[in-house]
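Per-entry structural report
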Amino acid sequence: MPVVFQALASRSFRSLLSHFHVTAVTTPTDMHHLLKAPRGLRSLAARAIVVFSVFTVFSVSAQTPQVPEIAARSYLLLDVTANQILAAKDIDSPVEPASLTKLMTEYLVFDALRSKKIDLKQTFGVSERAWKMPGSRMFIDPKMQVPVEDLIKGMVVQSGNDATMALAEGVGGSAEQFVKMMNEQAKALGMKSTSYKNPEGLTEPGHTTTARDLSILSVRLMNDFPEYMSTSAIKKYRYPGTPAANDTNRNTLLFRDPTVDGLKTGHTNAAGYCIIATAKRDFPNLGAAGAPGSRRLLAIVLGASSENVRANESQKLLNWGYTAYEAVKLFDAGQPVVSPSVWKGKSSTVKIGRPQAIVVAVAAGSAPKVKTQVVRADPLVAPFAKGQSMGTLKVMLGDNPAPVAEVPLVALEAVEEAGILGRAWDSIRLWIK
């Protein structure tokens, strides 16, 4: 702002600034001083206020795209590829998750599959408790022995509370033990504001989460168990012998947008209509060595007024995120960001970067303004383990010192400690330095 005012200021305007010992109009406090100007200078002060107001609005909008109106109690749009929140409202306010609860049940079931505690072809019985579950159902009954693979589809595609309870009892031994596992896992994932009381999401006192915690769970679910995530994209499924009318995935975006491949919907009277929708779209230069690559966004909409509204608002967020922000790949996976000198090590340098590609999301059209800065300890004294935290990559736009993203950097390779002579020599060099 000072540059703009220096360009606009006339001699009298500069006199006004000096009268109040203000070198440039950059804050509302400066405006307050100008409002106390002598009568002859008030019109000039008024013009300054207008310029200040116009420029302030322009400055904010130029850096942060305007989020569209979203009809929901709470929402969050996350660029999963860049690990940046693009839009948010009340993301730390407690909410009832409804059937979004089932994402944690999925997480624990997938973990049990990976650890070989259960198998997809293994069958679980259906207890009286599971059979009598209210709300959305898969329509299984105690006479059935249902394969785990089908129970997962019944839980994810049909949002069946009966299928969810059967899985919880089969994996945890009891629903109560499974809920304990859910809360332990939430704590391990860093979901600090989540408390589970049941595995399916029916309304119960104390059964709450937040949009932020749901984003943490969703990303970990997709990253930790990619081999099972195709279930979320199934449009139609029903178990043999169950009603044909109950075969449609409630995530209507799967039928509208071919780039949407998940993740879950939920609804209770208390929670309203909720959805976590994720899409993956291809863009140039996001893949390895400049090849096309995919960019994933995640939209969380909580407390919408209807099924149609939750779909429309989540679609609105996804489309806005892809157009208002562009993804800029700064470094390929495993590519060193810097290779600084190392002291007292068997190697003279250490490669610092990320195992994954480093991508940032910036306002559309801002890519040429991207600047980076590495913040790290100095000197770097060996040993270093592969994957050890080594510093941070700060990403800025133009001359604005405020970072738009901060990316943790790690050692891409191990550096062992040098021998006695090498360490002694470097100790002398460090002392001289």
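Model, not experiment: these values are computed from the prediction. (Residues numbered from 1 in each chain as written. Predicted model: local features only at pLDDT ≥ 70, side-chain atom pairs only at ≥ 80, totals over all residues. Heavy atoms only, no water.)

With respect to the overall build of the chain
- Across its full length, the chain holds 13 helices and 14 strands.
- Classification of the 433 residues of the chain by burial places 47% in the buried group.
- Across the chain, every contact between residues at least 6 apart in sequence was considered, and the portion connecting residues at least 24 apart equals 64%.
- Here the chain has roughly 20,900 Å² of accessible surface; of this, 54% comes from carbon and sulfur atoms. (Helix = DSSP H or I, 4+ residues; strand = E, 2+ residues; numbered from the N terminus. Buried < 20%, exposed > 50% of the residue type's maximum accessible area, 1.4 Å probe, protein only. Contact = heavy atoms within 4.5 Å. Areas by Shrake-Rupley, 256 points an atom, 1.4 Å probe, with all protein chains shown as cover.)

A closer look at the sheet that holds strand β9 (residues 336-338)
- Strand order in the open sheet formed by five strands is β9-β10-β14-β13-β12, and the pairing between neighbours is antiparallel. Strands at the two margins of the open sheet, each flanked by one partner only, are β9 and β12 (370-376).
- Sheet topology note: the β9/strand β10 (residues 352-353) ladder contains two bridges and is antiparallel. When the bridges of β10 are listed, V338 appears paired with I352. (Pairing = 2+ DSSP bridges.)

A few points about the packing of aromatic side chains
- The full count for this structure, using the stated rule, is five aromatic pairs.
- Taken together, a centroid distance of 4.9 Å and an interplanar angle of 85° make the contact between Y107 and F225 edge-to-face. Pair noted here: Y107 is in helix α5 (residues 102-114) and F225 is in the loop between α10 (211-224) and α11 (253-256), with a separation of 118 residues, a long-range link. Across this residue pair, the class does not change: Y107 and F225 are buried.
- Measuring from ring centre to ring centre gives 5.8 Å for F283 and Y322, while their planes differ by 20°; the resulting arrangement is stacked. On the criterion of sequence distance, the pair formed by F283 in strand β6 (residues 272-283) and Y322 in helix α12 (residues 307-324) is long-range, its members being 39 residues apart.
- Across from the ring centre of F283, 5.9 Å away, lies the NZ or CZ of R295, which sits over that ring. (Phe/Tyr/Trp six-rings, centres within 6.5 Å; stacked < 30°, edge-to-face > 60°. Lys NZ or Arg CZ within 6 Å of the ring centre and 35° of its normal.)

Things to note about the pairing of strand β11 (residues 358-363)
- Burial runs high along β11: six of the six residues are buried.
- Pairing analysis gives six bridges linking strand β8 (residues 325-331) to β11, with the strands arranged antiparallel. Bridged to Y325 within β11 is A363.

Observations regarding unusual backbone geometry
- D378 connects to P379 through a cis peptide bond whose omega is 5°.
- Residue placement: P379 occurs in the loop between β12 and β13 (389-397).
- Of note in the backbone geometry, F139 takes a positive phi value of approximately 70° without being a glycine.
- Tracing the sequence through the fold places F139 in the loop between α6 (128-131) and β4 (145-147).
- According to the relative accessible area criterion, F139 is partly exposed, its value standing at 34%.
- Even without being a glycine, S159 presents a positive backbone phi close to 55°.
- Looking at the secondary structure, you find S159 in the loop between α7 (148-156) and α8 (161-172).

Concerning the confidence of the model for the chain
- This prediction gives the chain a mean pLDDT of 88; 85% of its residues lie at or above 70.
- Scored below 50 in pLDDT, residues 1-62 makes 54 contacts in the model with residues more than four places away or belonging to other chains. (pLDDT = per-residue confidence, 0-100.)

Let's talk about the nonpolar core
- If you look at the biggest cluster of nonpolar residues, it comprises 61 residues, and the most contacted ones within it are M104, I140 and L151.
- Those elements that place two or more of their residues in this core are β1 (74-79), α5, α7, α8, α9 (175-189), α10, β6 and β7 (293-304).
- Sorting elements by how many residues they give to this core places α5 first, with eight residues.
- Grouped together as the second largest cluster of nonpolar side chains are 27 residues, Y75, A82, L318 and V359 included. (Core = buried A, V, L, I, M, F, W, Y, C linked by side-chain atoms within 4.5 Å.)

Regarding a nonpolar patch on the surface
- Judged by side-chain polarity, W425, I428, W431 and I432 come together as a nonpolar surface patch covering roughly 570 Å² of accessible area.
- On the secondary structure map, W425 appears in helix α13 (residues 420-432). (Patch = residues over 30% accessible without salt bridge, like charges linked within 9 Å, V, L, I, M, F, W, Y side chains within 5 Å. Salt bridge = Lys/Arg side-chain N within 4 Å of Asp/Glu carboxyl O.)

Observations regarding the sheet that holds β6
- Across the sheet, five strands lie side by side as β2-β1-β7-β6-β5; this open sheet has antiparallel pairing. The open sheet has two edge strands with one neighbour each: β2 (84-89) and β5 (260-268). Taken over all neighbouring pairs, the strand axes of this sheet differ in orientation by 10° on average, direction set aside.
- Bridge count for β5 against β6 is eight bridges, and the pairing is antiparallel. In the sheet register, H267 faces β6, and the bridge partner there is Y273. (Axes fitted to C-alpha atoms, helices over the stretch in contact; angles between N-to-C directions.)

As for the pattern of salt bridges
- If you walk through the whole model with that rule in mind, you get 17 salt bridges.
- A salt bridge links R295 to D79; the nearest nitrogen and oxygen atoms lie 2.9 Å apart. Of this pair, R295 sits in strand β7 while D79 sits in strand β1; the two residues are 216 residues apart in sequence, bridging distant segments of the chain.
- What makes D79 buried here is its relative accessible area of 0%.
- Of the charged contacts in the structure, one is a salt bridge between K346 and E416, with a shortest N-O distance of 3.0 Å. Of this pair, K346 sits in the loop between β9 and β10 while E416 sits in the loop between β14 (400-411) and α13, placing them 70 residues apart in sequence.
- Judged by its relative accessible area of 61%, K346 is exposed.
- Taking the relative accessible area as the measure of exposure, E416 reaches 49% and is therefore partly exposed.

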